[in-house]
Amino acid sequence: CSCSFPKFKRYFENTCSLKKIKKYHSIVRQYPVIDITATVKNSNKENNKNNNNKNTLLHTCAIQVKLFRHNKTGGDFIYAPNYPKKQKEGWYICICNSEKSKLYALKRIVGFKEKMKTVTINIRAEQQQDSYCLIFMSSCYIGFDQEVYF
């Protein structure tokens, strides 16, 4: 959260004590702020025989995903007071075509500790795609999903 404490305090000063506002601000500051960019790097065509011995043309491409983390506080662990053990952040990247309801790739991101991480995902599609949808999901922060169309 890039919100300063005085600005954060203004929202809650009529409903909470100062001690609780400070606690809530320190928790909210631990939530990740992540920007995502995705580009198709290269595209190739290859022949493939399916189960019926028919030749189909498959397109393979490499999708480069750049994740940029604006804040990093709290280490690898998330704020989860109801769990008995410390919980680590977990992230998933899903490449799909939402119009055709097709899933092309699902990749788990482990150990996203640095400010910037680049992930390359190779996918195969039945035909050349004009656009893809990247869904960036968290396994621990419910509602922090982001969608990027490219």
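Bear in mind the structure is a predicted one, so any value in this text is a computation, not a measurement.

Definitions and cut-offs
Residues numbered from 1 in each chain as written. Predicted model: local features only at pLDDT ≥ 70, side-chain atom pairs only at ≥ 80, totals over all residues. Heavy atoms only, no water. Helix = DSSP H or I, 4+ residues; strand = E, 2+ residues; numbered from the N terminus. Polar contact = N/O pair within 3.5 Å; in protein donor to acceptor, adjacent residues only side chain to side chain. Pairing = 2+ DSSP bridges. Axes fitted to C-alpha atoms, helices over the stretch in contact; angles between N-to-C directions. Parallel < 35°, antiparallel > 145°, perpendicular 65-115°, else oblique. Left-handed = near helix turned anticlockwise from the far one by under 90°. Contact = heavy atoms within 4.5 Å. Buried < 20%, exposed > 50% of the residue type's maximum accessible area, 1.4 Å probe, protein only.

## A word on the side chain of E89
Move 1: Relative to the helices and strands, E89 is located in the loop between β2 (55-69) and β3 (91-97).
Move 2: Only 3.3 Å separates the side chain of E89 from the side chain of W91, close enough to count as a polar contact.
Move 3: Engagement of the side chain of E89 in a polar contact is seen with the side chain of Y141, the distance being 3.4 Å.

## Focus on the sheet that holds strand β7 (residues 146-149)
Move 1: One open sheet holds the four strands; their spatial order is β4-β3-β6-β7, and the pairing between them is antiparallel. Only two strands of the sheet have a single partner each, and these edge strands are β4 (102-109) and β7. Neighbouring strand axes in the sheet, compared pairwise and without regard to direction, differ in orientation by 20° on average.
Move 2: Sheet topology places β3 next to strand β6 (residues 133-138); six bridges connect them, and they run antiparallel. Note that in β6 the partner of I93 across the bridge is F136.

## Topic: the packing of helix α1 (residues 5-12) against helix α2 (residues 18-28)
Move 1: Remark: α1 packs on α2, axes separated minimally by 10 Å, with the N-to-C direction vectors making an angle of 125°. Taken together, the axes of α1 and α2 lie oblique to each other. The hand of the α1/α2 crossing is right-handed. Here F5, F8, K9 and F12 of α1 lie close against α2, whose contacting residues are L18, I21, K22, Y24, H25 and V28.

## Regarding unusual backbone geometry
Backbone geometry follows two general trends: most residues other than glycine have a negative phi, and most peptide bonds adopt the trans configuration.
Move 1: With phi around 55°, S101 is a residue other than glycine that occupies positive phi space.
Move 2: Locating S101 in the fold gives a position in the loop between β3 and β4.
Move 3: Overall, S101 belongs to the exposed group, its relative accessible area being 68%.

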